[in-house]
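Each chain is listed here by its residues.
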Amino acid sequence: MPIIDIDKLMKRLLVIISFLPTLALAQTSDQFLTAANEKAAHKDYKNAIVDFTKAISLNQNNLKAYQYRGNAYTNINDYTDAIPDFSKVLAADPGNASVYSYRANAYSNLKDYKSAIEDFNRAIQFGLVTPEMYHYRANAKVNSGDYTGAVEDFTQAIRLAPNDAELYEYRGVAKANLKDDKGAIEDYNVALRLNPNNADVYYYRANSKGTIADYNGAIEDYNTTLRMNPLNAEAIFYRGNVKTNKRDYKGAMEDYRRALALKPGMQNGYYYLAKAAGNTEDNKAAIDYFNKAIAADGSNAELYLYRGVSESKMNDTTAALKDYNQAIDLDHHLSRAFQNRGDLKISMRDYHGALKDGDTAVIYDVDYDGYAYVTRAKAKTALQDTSGALTDYNTALRLNPVNAEAYTGRGEVKSEMMDYTGAIIDLNKAVELYPGDSYAYQVRGQVKSKLGDRKGAIADYRKQLELDPGNKEAQLRFGRELITDRQFTEAILYFNKVINAGTKNGKFYIERGKAMGEIGDNKGALTEFTRAMAIDTTVKSLSYANIANIEIKQKDYDAAARDIAKAIEKDQNNDDAYFYRANLRMIQKNYEGADYDYISVLLINPDNIKTYAYRGLAESYTLDTAGMRTDFIRAMKLSPQDETNYILRGKAKIIQKDVTGAYRDFDKAIALNPKNDDAYYSRGYAKVMQGDKSGCADLNKALELGSKDATYAIKMYCH
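Everything numeric in this text was worked out from a predicted model, so none of it was measured.

## Comments concerning the overall build of the protein
- Secondary structure assignment for the protein yields 41 helices and zero strands.
- In terms of its C-alpha atoms, the protein occupies a principal-axis envelope of roughly 140 × 50 × 40 Å.
- Scored against the burial criterion, the 719 residues of the protein give a buried share of 53%.
- Considering only intrachain contacts with a sequence separation of at least 6, the fraction spanning at least 24 residues in the protein is 46%.
- Surface summary for the protein: the accessible area is close to 33,800 Å², and the carbon and sulfur share equals 49%.
- Here the protein contributes 96 positively and 97 negatively charged side chains, and the mean placements of these two sets differ by 3 Å.

What follows is the structure, given as structure tokens:
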């Protein structure tokens, strides 16, 4: 918040010209003195000075003439000439308290506060112990930066004049300059009780309330002062600052524009207006305002820095990089410029360049808010230095325990280190601190998805889309999670909503096709996969892999093998293609081949954690019991809430003749997701194969939930 200029608050001493009887000295000198006093009484100070000067020329020892001429000089603001006259009097009469006060006032107006304070001290020492003297000395102390001394003097003045509202007002200002805003507010409260119509005090109290983060109280006081004085551009401007702190960026922009209309030359007006526009994501408007600010002050490095931020948000990488470079050229120690350039380089995959900028940002960091360490941590994460990244995030949070971005980043690193519990704790904190950060919801959703908490993941992805509805990758993630949660119809309806004639990303069609295939609409699924290839050549490999998956369901294994080969030929890093081929080989009882393909999936994409359980099932067939146990343990650890892991382990236990253990796993799968038809089918089939007819109830439940396999099993074993 602003520091209030006490110069504007100083009251001018009212210098009263005394009318004393004419002294019995030289008659002519007395006549000029009398004439001068009469002119001064009518505020004709210039002509009064002429007569005082004539009186002095006729009598060099006429102290009253010097004193009155000094007063006259003061009244025309000629403090330089007033001081020698007061000094002349004090040389002859060193105990004259009033003249010390007059000279002190002159020194104050000349900004010679040290001399002013010395004279106020003498005035008080020689008996002028009045609230005014303490008040004026306090003003001089404020202007010389001695706010503590000023508070002491205002307190003395208040002791002598406890009902003087101005004394509380000015002591409040001095306390605010000492950063004692709570104490300042207490004084402003008293001032307003004594004089509720002082618009300035509402303004000062608003400033202090804003400083202690009482934003609602600050806005209320700004509103009050503006009702009294609608043309107070500073009050409007600072109200905009408070709205910015409340993240009411549109309201802040309205105030900044209004303040600039009243005071077009307001310093930093366009700068703050531009930053608020950037926070509303109206980056085009922000850039326009930054252009105006730069036109007025082209040497301000921060203007280029923040214009670069807006350009970066608009994906204008070239312009952003140019502005960050310009900011650094103007200020080689501007940590924020290195930090933001580092972030930009991360988006450009120049991770080593980003790390170098992160190092420099840390060296020159003067804000100590942790963001320089966050940038360096992100670069280290990209370079797979998770340990170094974690150290930097910890440092960032030590410096600034409310740095939401640091919690998000640390949560992401912990997730990569498979510390999912720690990741969720950090991401919960990030969301708590900044509920408007869509990326935090994305990362938390991804962690929940890995844990198998699909409902939680869907909720987070949905929240991300509320905050960032145009994010195409977020739309894909949300739809995929619906499919993973077996909400196939809901997924189709969602993709129907987001896919339109302008959709050129083939992945949307592929995901809709997957959902169609899961509800048995194989024809519709194949149509979607073919369409995806036609409009987006980059997804041909994915399309062939998913066509093969439908062909597997249709038991056309030769066609599936051919299409998987096409998928791998077009993209040898397509982990889905290897996964589907592994599943095909499982059906064909080529368990070793399946095992190798599952290994390929994990080599290509270690985050494809569902593969561990599938590989565990393959290993149960190859009698690799140790590998099987290791894979299922890893699957449960990585994704403890994913019911598929328990279904597959249950099937593996059947193969290992551990029927009781298999039932426990199927029970657990059903507890995790009572709508999973495969869980009921697997438990029911296992029971009927053991001669337990109670398994028919499970098979019927599986049929009710959409299982195609249950139809055959019921016909074979439940009649």
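Next, the rest of the story.
## Considering the environment of Arg205
- With respect to the helices and strands, the residue Arg205 is situated in helix 11 (residues 199-211).
- C-alpha of Arg205 to C-alpha of Tyr188: the two residues are 17 residues apart in sequence and 6.2 Å apart in space.
- Residues contacting Arg205, with those up to four places away along its chain left out, are Ile185, Tyr188, Asn189, Leu192 and Asp221.
- Here Asp221 takes part through its side chain, which lies 2.7 Å from a polar atom of the side chain of Arg205.

## Let's talk about the pattern of salt bridges
- Under the criterion given, the structure shown has 54 salt bridges.
- A salt bridge links Asp597 to Arg581; the shortest N-O distance between them is 2.9 Å. Of this pair, Asp597 sits in helix 34 (residues 591-604) while Arg581 sits in helix 33 (residues 575-587), and the two are 16 residues apart along the sequence.
- Owing to a relative accessible area of 3%, Asp597 belongs among the buried residues under this scheme.
- Arg585 is paired through a salt bridge with Asp597; the nearest N and O atoms lie 3.0 Å apart. Taken together, the positions of Arg585 in helix 33 and Asp597 in helix 34 put the pair 12 residues apart, joining distant regions of the chain.

## Details of the packing of helix 33 against helix 35 (residues 610-621)
- At a minimum axis distance of 11 Å, the contact between helix 33 and helix 35 shows a crossing angle of 25°. Relative to helix 35, the element helix 33 is oriented roughly parallel. Like other packed secondary-structure pairs, helix 33 and helix 35 cross with a definite hand, here left-handed. Seen from helix 33, the contacting residues are Phe579, Asn583 and Met586; seen from helix 35, they are Lys610, Thr611, Tyr614, Leu617, Ala618 and Tyr621.
- A breakdown of the residues in the contact of helix 33 with helix 35 according to their chemical character gives six nonpolar, two polar and one charged.

## Observations regarding the state of the cysteines
- Considering all chains together, one arrives at one disulfide under this definition.
- Each sulfur in the disulfide pair Cys696 and Cys718 lies 2.1 Å from the other. Judged by the sign of its S-S torsion, about -100°, the bond between Cys696 and Cys718 is left-handed. Placement of Cys696 in helix 40 (residues 695-704) and of Cys718 in the segment after helix 41 (709-717) is noted, with a sequence separation of 22 residues between them.

## What about the packing of aromatic side chains?
- Applying the stated criterion across every chain, the model contains 28 aromatic pairs.
- For the ring pair Tyr188 and Tyr204, a centre distance of 6.2 Å and an interplane angle of 40° mean the geometry is tilted. Of the two residues, Tyr188 is situated in helix 10 (residues 181-194) and Tyr204 in helix 11; the sequence distance between them amounts to 16 residues. Accessibility classification places Tyr188 together with Tyr204 in one group, the buried group.
- On the basis of an interplanar angle of 5° and a centroid distance of 4.0 Å, the ring pair of Tyr591 and Tyr621 is categorised as stacked. One end of the pair, Tyr591, is in helix 34; the other, Tyr621, is in helix 35, with 30 residues separating them in the sequence.

Definitions and cut-offs
Numbering of residues starts from 1 in every chain and runs along the sequence as written. In keeping with the predicted nature of the model, local features appear solely for residues at pLDDT of at least 70, side-chain atom pairs appear and are counted solely at 80 or more, and the whole-chain, interface and lining totals rest on all residues. Side-chain numbers here rest on the full set of heavy atoms in the structure, without hydrogens or water. A helix here means a DSSP run of H or I that spans at least four residues, while a strand means a run of E at least two residues long, and both kinds are numbered starting from the N terminus. Burial here depends on accessible area, computed with a 1.4 Å probe over protein chains only, as a share of the maximum for the residue type. Under 20% is buried, over 50% is exposed, and the range in between is partly exposed. Here, residues are in contact when the closest pair of their heavy atoms is within 4.5 Å. Note on areas: Shrake-Rupley, 1.4 Å probe, and residue coverage restricted to the protein chains presented here. Counting rule for charge: Lys and Arg are taken as positive, Asp and Glu as negative, and neither His nor the chain ends is counted. We put the charge of a Lys on NZ, of an Arg on CZ, of an Asp on CG and of a Glu on CD. Any pair of nitrogen or oxygen atoms within 3.5 Å is treated as a polar contact; in protein, a donor-acceptor pairing is required on top of that, and neighbouring residues in sequence qualify only through side-chain atoms on both sides. By salt bridge we mean one thing: a side-chain nitrogen of Lys or Arg within 4 Å of a carboxyl oxygen of Asp or Glu. To define axes, lines are fitted to C-alpha atoms, for helices over the stretch in contact only, and angles between the resulting N-to-C directions are given on a 0 to 180 degree scale. If an angle is under 35 degrees, it is roughly parallel; if it is over 145, roughly antiparallel; if it lies from 65 to 115, roughly perpendicular; otherwise it is oblique. Two helices cross in a left-handed way if the nearer one is turned anticlockwise from the farther one by less than a right angle. They cross in a right-handed way if the turn is clockwise. Only Asp, Glu, Lys and Arg are considered charged in this grouping, and only Ala, Val, Leu, Ile, Met, Phe, Trp, Tyr, Cys and Pro are considered nonpolar; every other residue, Gly among them, is considered polar. Put simply, a disulfide is two cysteine sulfurs that come within 2.5 Å. Only Phe, Tyr and Trp rings are paired, with Trp represented by its six-membered ring, and only when their centres lie within 6.5 Å; those with planes under 30 degrees apart are stacked, over 60 edge-to-face, the remainder tilted.

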